[in-house]
Amino acid sequence: MNINKRLAALREFMGEKSLHAFIIPSTDSHLSEYPASHWASREWISGFTGSAGTVVVTREKAGLWTDSRYFLQGAKELEGADIELFKEGLPSTPSIEEWLTTELGKGEYVGIDGTVYAAKEAMNLTHKLNMKGLHLISDYDPFSKIWNDRPEIPTNAIFVLPEKYAGEAAHKKIARICDAVEKNGAESLLVASLDTIAWIFNIRGNDVKCNPVAVSYAYISKEETVLFINPKKLTSEISDYLKAEGVTIAEYDKVFDYVSKLKTPVCLDANKVTFKLYNTIPDGCRIIDMPSPADLMKSIKNDTEVQGIRNAMERDGVALVRFFMWLEKAVPGGNVTEIMIPEKLVEYRSQQKNFVGESFDTISGYGPNGAIVHYHVSNESSLPVKPEGLLLVDSGAQYFDGTTDITRTLAVGPLTDQMKKDYTMVLKGHINLATAIYPQGTRGSQLDILARKALWDEGLNYLHGTGHGIGHFLNVHEGPQNIRMNENPTTLQPGMVTSNEPGLYRAGQYGIRIENLIRTKHEMTTEFGDFYSFETLTLCPIDTTPIVKEMLTEKEIIWLNEYHKFVYDRLSPLLTEDEKQWLKEKTYEI
């Protein structure tokens, strides 16, 4: 069934249910950024494979709303489908609500599946539609009828992450969470986010590609802590472990019945539970809607987790040295294509201790494909990597003791002056953020300008965020902190691990991004209070070939040289003599 036939099937369903429009988000019943294939309804209905985007279908038209990371990819993947691309964030782009009010008449009905729609978003949508005389219906999942070969909800087995990696026992985390929710006037915490559940109970799974999580819900309280999970996922050893940590096990689908009987105040984040689950809570049960204290705890890595990440970075760095040595030899002979790069990275990383898998699908964009921010290479799109221009490689790995995410942009041959200038401006932004010192209470949005100023001074910009949180052997994207232009009330706190990844993208020509992971740490205490800084965790040389040295300040040159010395000192004891010599050349002072 092609895309237009799928749209026709959805419209037939809409007609049967007297719906005039239907909204399909990217998410699952746990509001995951990357859902299990059972919930990949937006991809199925549109053919768009990006991680962020919403499809809206009326009886005559259809549209995809997505952000700047996917403008180019969205345009390519929608070719041949009767779906219009709406570029979010541009002044000329209407919001979904604005578009619906122009396409529909008063009194008409808009449908959503309340089991995959965030409660807060659904409530806001209801209000906006009602203001325009439209009505929201959240009772239907059309894909249970029209998607004939829809995958089942995964039943893969889970496993325990030992405390030697996690650094804290599950029952201690549960006690901390209970104390935190009590301080906010609640007696329990309701959790639907898969990575948070995995962190709380020190369990991991493989229900979602690249994300070591398991489909489940959790209810945390001093009276009872319940993990709602399909029993097929549990061995007797896992069940015994959970019981020993004070956890009751219940069937996955029983969460709705359980929640419908709550009587005491419950804490939840309405942005992170679905509309259906939220509405299941009895009217007499007080809801404390606030950012989950468990999410904040998860983001602040303990000493064991931080040391694990450092160790993982060393092994990842060794794999990357070997990969880049191979790449450097292979490109001049015309033996490299974009699609080979992810395979080679897995080959070298899989030789390292504690390797589990990729932390996301590798982005390997040569030339114009590098300008597609979240480019996904395929057999059809894969370009040969010629010995000229720029190659962008964004990749990462899951290890039992940490998660990595790194981007390097490489000169694979001669460059234009514009390429060199653009590269150096991106590097300046990366260094300026890496060297920031900032007072306690600083938010990521207050630091974002440091990564952009060199670009802004030339009238240039990138539209994605500068930094996202990173899980510990968990999701490569996590919150609650980030570094981006948009406001986020979460402050950066010691122990948080965030990416530092400014970029610049010239459509049809090339893309540039330089990414390391950075840990917030205490820097100093003065009469003006506590000040923090960043520890760069990633261990991999930054290509110096494209740098215009005259554009760098003395401070920026010192940082780059010291970073390269740090990389060499940490990695060289783990390398062969040939590898050591290669790394020495790549980390020479400029």
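Calculation notes
Residues numbered from 1 in each chain as written. Predicted model: local features only at pLDDT ≥ 70, side-chain atom pairs only at ≥ 80, totals over all residues. Heavy atoms only, no water. Pairing = 2+ DSSP bridges. Helix = DSSP H or I, 4+ residues; strand = E, 2+ residues; numbered from the N terminus. Axes fitted to C-alpha atoms, helices over the stretch in contact; angles between N-to-C directions. Contact = heavy atoms within 4.5 Å. Salt bridge = Lys/Arg side-chain N within 4 Å of Asp/Glu carboxyl O. Buried < 20%, exposed > 50% of the residue type's maximum accessible area, 1.4 Å probe, protein only. Parallel < 35°, antiparallel > 145°, perpendicular 65-115°, else oblique. Nonpolar A, V, L, I, M, F, W, Y, C, P; charged D, E, K, R; others polar.

- The name given to the chain in an unreviewed UniProt entry is Peptidase M24 domain-containing protein, and the organism recorded there is Dysgonomonas mossii DSM 22836.

### Description of the sheet that holds strand β6 (residues 135-137)
Hydrogen bonds between backbone atoms are what pair the strands of a sheet, whose relative direction is either parallel or antiparallel.
Moving on, step 1. The strand order β4-β3-β2-β1-β5-β6 describes an open sheet built from 6 strands, whose pairing is mixed. Of all the strands in the sheet, the pair left with one neighbour each is β4 (84-87) and β6. Shown here is a sheet whose adjacent strand axes are inclined to one another by a mean of 25°, direction ignored.
Moving on, step 2. Sheet strands touched by helix α1 (residues 3-16): β1 (21-24), β2 (54-58) and β3 (62-66). Its angle to β2, the strand with the most contacts, is close to 60°.
Moving on, step 3. In the packing of helix α4 (residues 96-103) onto the sheet, the strands contacted are β1, β2, β3, β4 and β5 (109-111), and the crossing angle to β2 comes to about 5°.

### Points about the pattern of salt bridges
Moving on, step 1. As enumerated under the stated definition, the model contains 34 salt bridges in all.
Moving on, step 2. One salt bridge in this structure joins R506 and D422, with 2.6 Å as the shortest N-O distance. One end of the pair, R506, is in strand β25 (residues 503-506); the other, D422, is in helix α16 (residues 417-434), and 84 residues separate them in sequence.
Moving on, step 3. Note on R506: relative accessible area 21%, which makes it partly exposed.

### So, the packing of helix α14 (residues 303-330) against helix α19 (residues 577-586)
Moving on, step 1. Axis separation between α14 and α19 bottoms out at 10 Å; the angle between their running directions is 80°. By the angle between their directions, the pair α14 and α19 is classed as roughly perpendicular. Mapping the contact onto sequence places V321, R322, F324, M325 and E328 in α14 and D578, E579, W582, L583 and K586 in α19.
Moving on, step 2. Class assignment of the residues belonging to the contact of α14 with α19 gives a composition of 5 nonpolar, no polar and 5 charged.

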